[in-house]
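Tertiary structure, described
Below are the chains, spelled out letter by letter.
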Amino acid sequence: QSHSRFKGGALYIEPLYLEAGGQQIALDAQGNWNGTNNRAEIKSVSYKHGAAMALSGSAMVHYDKSVKLEKADLLFRSDDLEKLSTLYLKSFFEQTSLQGVTLAGTINADLSIVQNALTALTATVNKFVVKDTAERIKVENGVGTINWSNNETFNRPSTFAWQQLQ
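Definitions and cut-offs
- Residues numbered from 1 in each chain as written.
- Predicted model: local features only at pLDDT ≥ 70, side-chain atom pairs only at ≥ 80, totals over all residues.
- Heavy atoms only, no water.
- Core = buried A, V, L, I, M, F, W, Y, C linked by side-chain atoms within 4.5 Å.
- Buried < 20%, exposed > 50% of the residue type's maximum accessible area, 1.4 Å probe, protein only.
- Helix = DSSP H or I, 4+ residues; strand = E, 2+ residues; numbered from the N terminus.
- Pairing = 2+ DSSP bridges.
- Contact = heavy atoms within 4.5 Å.

When a protein is soluble and globular, its nonpolar side chains tend to lie buried together. Judged by nonpolar contacts, the single largest core of 22 residues is most densely connected at Met 53, Tyr 88 and Phe 128. The set of elements that each furnish at least two residues to this core consists of strand S3 (16-19), helix H1 (81-93), strand S8 (101-114) and strand S9 (117-132). Broken down by element, this core gets its largest block of residues, five residues, from S9. Residues Ala 40, Ala 72, Leu 74 and Ile 113 belong to the second largest nonpolar core, which totals six residues.

What follows is the structure in structure tokens.
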């Protein structure tokens, strides 16, 4: 069982450098480690960073020479995609074709991961905005749900609407 909280300073976990920015970051986890087979059963995990991001769920992780996410079921929420974009995505977008792209709005998502690969996703966005300093794309007031699965028999439709697309 683990419980960590901090409100000031910064956290560096390669490749992510994260400043708390005055918003509380909290990580709570409960699980079991099996040293015989190098496997961690994470019965529950919760990560929250102000309104920018909340992630919760459960997972099975195997550690040998590298970390392998064998199975995870996660709930992800952001009530402030603009802050999430600045804090978490900006450093990954730099030096790529996504440099200068920021997001705004809200998102709620359910994710399933098996053997380090995404296997199912349902994500709902509201008041979704995409801004691009290079003016390649612009989306205003998007709303919709994306349903995806790697299962060939999956047939749940996705919908997305917007007020302005440029």
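With that settled, the discussion passes to the pairing of strand S4 (residues 25-34). Working note: regular strand, side chains alternate between the two faces of the sheet. Here five bridges tie strand S1 (residues 2-6) to S4, and the two strands are oriented antiparallel to one another. Note that in S4 the partner of His 3 across the bridge is Asp 28. Joining the antiparallel neighbours S4 and strand S5 (residues 39-49) is a turn of four residues, in which Asn 38 adopts a positive phi near 50°.

Let's shift gears to the side chain of His 49. With respect to the helices, strands and loops of the structure, His 49 is situated in strand S5. Residue class for His 49 comes out buried when judged on its relative accessible area of 0%. Sequence-distant contacts of His 49, defined by excluding residues within four places in its chain, comprise Leu 18, Glu 19, Ala 20, Gln 23, Gln 24, Ile 25, Leu 87 and Tyr 88.

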